[in-house]
Amino acid sequence: MSAPLSSIGESVRLANQFLLYVGMIAVLIGALVVYLVAKQITMPIYKLSNLSERMSDLDFNAKYESGKHDMEEIQVLGNSMNTLSEETISELKSANNQLTKDIEEKTKIDEMRKDFIANVSHELKTPIALIQGYAEGLQEGMGEEKESRDYYCDVIVDEANKMNKMVKQLLTLSSLESGNDKPVMDRFNLTELVRGVVNASKILLEQNEIQVDFD
């Protein structure tokens with residue numbers, strides 16, 4: 001048998017060309033299929049990655065929404081992240097509420113402390129002024145008579161005792177705040193207390209030309 005080589009060569013060339021075209025088409029189709037499959041797999045993973053970044057930035061509105069083509073493992077992981085986010089949000093809200101209460105309580109305590117310091121300063125100012133006034137009166141010879149001198153000295157001693165009592169009360173208050181003591185309730189005569197303040201402030205009233213009528 002014999003056949004011309006030219007016809008065989010033409011057949012081989014056509015076959016090679018056909019295989020080349022088929023191979024290129026197969027590669028393109030395969031690449032497209034691989035791309036679509038990879039995208040279907042990686043897209044949910046990318047969504048989860050983006051979700052985790054939003055959660056790390058405390059974005060409480062970030063939620064995983066399941067897609068119809070998501071794999072079961074991806075859905076389980078996304079639902080777990082939603083559960084974790086809800087638990088974290090709940091804990092953060094509780095912590096935030098507690099922190100808000102603590103801040104309000106601290107602000108309230110600071111205001112009370114400022115008022116307390118102002119009141120203590122005011123209360124200490126009066127006996128100090130009385131002691132200074134009566135002491136200066138004794139220096140200037142206003143208490144030449146024994147009765148007046150004894151009265152001046154009694155006021156000074158009484159105001160010094162009041163200051164000493166006030167300091168003890170401050171120490172008691174500090175002990176109460178630390179929980180080492182308990183308050184003791186007691187009755188006292190308010191009228192006698194006011195009368196004693198008026199009598200003790202006599203020299204200050206005279207210096208400022210103030211008249212007090214106590215009924």
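Our subject in this report is the structure included herewith. All values reported here derive from a predicted model rather than from experimental measurement.

What counts, and where the lines are drawn
Along each chain, numbering runs from 1 in the same order as the chain's sequence is written. Local features in a predicted model are, by the rule used here, given only for residues with pLDDT of at least 70; side-chain atom pairs are given and counted only at 80 or more, and totals for whole chains, interfaces and linings are based on all residues. Water and hydrogen atoms were dropped before computing side-chain values, which therefore reflect all heavy atoms in the structure. What counts as a helix is a DSSP run of H or I of at least four residues, what counts as a strand is a run of E of at least two, and both are numbered from the N terminus. Buried, partly exposed and exposed residues are distinguished by accessible area as a fraction of the type maximum, computed with a 1.4 Å probe on protein chains only: under 20%, between the cut-offs, and over 50%, respectively. Here, two residues are considered to be in contact whenever any of their heavy atoms come within 4.5 Å of each other. Under the convention used here, a 1.4 Å probe and the Shrake-Rupley method define accessible areas, while residue burial counts only the protein chains that appear. As used in this record, nonpolar core signifies buried Ala, Val, Leu, Ile, Met, Phe, Trp, Tyr and Cys residues forming a set joined through side-chain atoms within 4.5 Å. Here, patches come from residues exposed beyond 30% relative accessible area and free of salt bridges, joined within 9 Å for like charges and within 5 Å for nonpolar side chains (Val, Leu, Ile, Met, Phe, Trp, Tyr). Salt bridges are identified by distance alone: a Lys or Arg side-chain nitrogen within 4 Å of an Asp or Glu carboxyl oxygen. What counts as a ring pair is set by centres within 6.5 Å for rings of Phe, Tyr and Trp (its six-membered ring), and what kind of pair is set by the plane angle: stacked under 30 degrees, edge-to-face over 60, tilted for all other angles. Whether a charge sits over a ring comes down to the Lys NZ or Arg CZ being within 6 Å of the ring centre and within 35 degrees of the ring normal. For helices, the axis comes from a line fit to the C-alpha atoms of the stretch in contact; other axes are also lines fit to C-alpha atoms, and the angle between any two N-to-C directions lies between 0 and 180 degrees. Oblique is the label for any angle not covered by the other classes, which are roughly parallel (under 35 degrees), roughly antiparallel (over 145) and roughly perpendicular (65 to 115). For a crossing to be left-handed, the near helix must be turned anticlockwise from the far one by less than a right angle; the clockwise case is right-handed. For this scheme, ten residues count as nonpolar: Ala, Val, Leu, Ile, Met, Phe, Trp, Tyr, Cys and Pro. Four count as charged, namely Asp, Glu, Lys and Arg, and the remainder, Gly too, count as polar.

### Considering the overall build of the protein chain
- Along the backbone of the protein chain there are five helices and zero strands.
- Within the span of the protein chain, comprising 215 residues, buried residues form 14% of the whole.
- Put simply, 52% of the contacts in the protein chain that link residues at least 6 apart link residues at least 24 apart.
- In the structure as shown, the protein chain presents an accessible area of about 17,500 Å², 59% of it carried by carbon and sulfur atoms.

### Quick notes on the nonpolar core
- If you look at the biggest cluster of nonpolar residues, it comprises eight residues: Leu130, Tyr134, Tyr152, Val155, Ile156, Ala200, Ile203 and Leu204.
- Considering every element that reaches this core, the biggest residue donor is helix α3 (residues 146-177), with three residues.
- The contact partners of alanine 200, leaving out residues within four places of it in the chain, are Leu130, Tyr134, Val155, Glu159 and Lys162.

### Thoughts on the side chain of glutamate 159
- Inspection of the secondary structure puts glutamate 159 in helix α3.
- With near-sequence residues (within four places) excluded, glutamate 159 lies in contact with Pro127, Leu130, Ile131 and Ala200.

### Section: a nonpolar patch on the surface
- Where nonpolar side chains cluster on the molecular surface, the patch consists of Phe188, Leu190, Leu193, Val194, Val197, Ile210, Val212 and Phe214 and spans about 720 Å² of accessible area.
- By secondary structure assignment, the location of phenylalanine 188 is in the loop between α3 and α4 (190-200).
- Taking the relative accessible area as the measure of exposure, phenylalanine 188 reaches 61% and is therefore exposed.

### Quick look at the packing of aromatic side chains
- Scanning all chains against the criterion turns up three aromatic pairs.
- Summarising the aromatic geometry, the rings of tyrosine 134 and tyrosine 151 are spaced 6.1 Å apart at their centres and angled 75 degrees between planes, so their arrangement reads as edge-to-face. Of this pair, tyrosine 134 sits in helix α2 (residues 72-139) while tyrosine 151 sits in helix α3, and the two are 17 residues apart along the sequence.
- Overall, the relative accessible area of 1% leaves tyrosine 134 in the buried class.
- Ring pairs connect the aromatic residues Tyr134, Tyr151 and Tyr152, which therefore count as one cluster.
- The lysine or arginine in question, lysine 202, covers the ring of tyrosine 151, its NZ or CZ lying 5.7 Å from the ring centre.

### Some thoughts on the packing of α3 against α4
- Contact geometry for α3 and α4: axes closest at 11 Å, N-to-C directions at 125 degrees. The pairing of α3 with α4 is recorded here as oblique in orientation. With respect to the hand of their crossing, α3 and α4 are arranged in left-handed fashion. When α3 is examined against α4, the residues Tyr151, Val155, Glu159 and Lys162 are found in contact with a partner set consisting of Gly196, Asn199 and Ala200.
- Looking at the contact of α3 with α4 residue by residue, the classes come out as three nonpolar, two polar and two charged.

### A look at unusual backbone geometry
- Positive phi is not limited to glycine here, since glutamate 209 has a value of about 55 degrees.
- Relative to the elements of secondary structure, glutamate 209 occurs in the segment after α5 (202-207).
- The exposure class of glutamate 209 is exposed, given its relative accessible area of 76%.

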